[in-house]
Each structure stands twice: as structure tokens, then as C-alpha cells.
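Next come the chains, spelled out residue by residue.
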Amino acid sequence: ANVSDPCGTTFSYQWYSNNTCTSAINGATSSTYTFSAEWEPTTKYVYYKTKDANGTWSNCAKWTATWNNVAPTANAVSNSANENVDVVLTANVSDPGWTTFGYQWYSNNTCTTAINGATSSTYTYTKQNDPTTKYVYYKTKDANNAWSSCATATATWNNVAPTANDVSNSDD
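Residues numbered from 1 in each chain as written. Predicted model: local features only at pLDDT ≥ 70, side-chain atom pairs only at ≥ 80, totals over all residues. Heavy atoms only, no water.

## Comments concerning the overall build of the protein chain
Counting secondary structure elements, the protein chain contains zero helices and 11 strands. Scaling as 2.2 N^0.38, a compact globule of 172 residues should have a C-alpha radius of gyration of about 16 Å, whereas the protein chain reaches 30 Å, well beyond that. C-alpha atoms of the protein chain, sized along the principal axes, occupy 120 × 35 × 25 Å. Residues classed as buried in the protein chain amount to 31% of the 172 residues present. Roughly 11000 Å² of accessible area belongs to the protein chain as shown, and the carbon and sulfur atoms make up 43% of that amount. (Helix = DSSP H or I, 4+ residues; strand = E, 2+ residues; numbered from the N terminus. Rg over C-alpha atoms; globule rule 2.2 N^0.38 Å. Buried < 20%, exposed > 50% of the residue type's maximum accessible area, 1.4 Å probe, protein only. Areas by Shrake-Rupley, 256 points an atom, 1.4 Å probe, with all protein chains shown as cover.)

## Describing the sheet that holds strand E2 (residues 42-52)
Here three strands make up an open sheet; going across it, the order is E1-E2-E3 and the pairing antiparallel. Two strands bound the open sheet, and with one partner strand each, they are strand E1 (11-16) and strand E3 (61-67). The sheet shows a mean angle of 30° between the axes of neighbouring strands, taken without regard to direction. Two strands pair when backbone bridges link them, and E2 and E3 are joined in this way by seven bridges, in the antiparallel orientation. Each residue of the ladder has a partner; that of Tyr47, found in E3, is Lys62. (Pairing = 2+ DSSP bridges. Axes fitted to C-alpha atoms, helices over the stretch in contact; angles between N-to-C directions.)

## A word on the sheet that holds strand E5 (residues 77-82)
One key point about sheets: their strands pair by backbone hydrogen bonds, in either a parallel or an antiparallel sense. Judged by pairing direction, the sheet is mixed, and its four strands sit side by side in the order E5-E11-E10-E8 without closing on themselves. Of all the strands in the sheet, just E5 and strand E8 (102-106) have a single pairing partner and so form its edges. Along the sheet, successive strands turn relative to each other by an average axial angle of 25°, direction set aside.

Structure follows, in C-alpha cells:
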């Protein structure tokens, strides 16, 4: 609460759920009011009055609490496999307010060239026959269409040593 009174510094408080300050919130009598955590984005209002040491109540004032949307974070990911095996890359996303995301995979590291149809949480590179590393990039968005920055996904194929088999030759 933000209170000013030229004749005093000791106040009592009451918080209300309506803008006419007629529906008191039970037990809400301190100088602060704490809202429970909310999903983003959201704005809530609560109202309050203060009483000075002489018992005089103030006007009804509004207190606004706003939870802003935070864009998700797309984290770098990697996966590896032996030669001749597909590599599946899975997006790794964090966001304080959402658990459902949209995805887009890109062929360039600035995330400006979208890969057509690559909109799931995973991207599969088909098998490679030689040891190599390939890169793909992705962004994710939350339910409010806030997009993450571009993240790198690395696929690596490891060399598999050849197998020499015993050979026998007999002359009969």
C-alpha cells in the first residue's frame, strides 16, 4: 500500500476484492497483499483502505498486479549414433508459465529458413554412412505466440570400425 498522511505514520489496513471497498478480504490487514502465482500474462486488481491513528479511513485505492508473458527458452541439444543409423534430435524447452509449445526447425543458424513440415518437438536426420556432424536449428513458441531465440541441434555419426573375420582355406 502507498499511504501518505501529513499528521501520522501509523496506519491500519484492509484489503478488498471489489472497487467500492465493501467486500473485505478476510485476514488481509497488513500493509502488503500477496497474490497467488498466476499463469502469464494476466492482470489482477485488489483494493485497499487505510485508517490513521485517529480512526479516519482513507479513500478506496486500487492495487494492480501484472504477470507478463516470458518467451520460452530453446536450449542447445545434441545426439549421436553409429554410422548407418538415424539420429533423432529432441527440442529442450524451458518456460516458467507454459508446458505446451509449438516448434519450427530451420536449416540455417539465424532461424530464417524454415524446413517445410518440420514442426514437431523432434527432428530426424536420416542415417549417414560416414562419420560426420550435421546441424539443424529450432525455435519454439508458447501459447501466447511468444517465440524463443534460435537454438542449435547437433547430430553426430560415429565411425564404426570394420570387423575382420577369420578365413580358412583348405585344399582337398
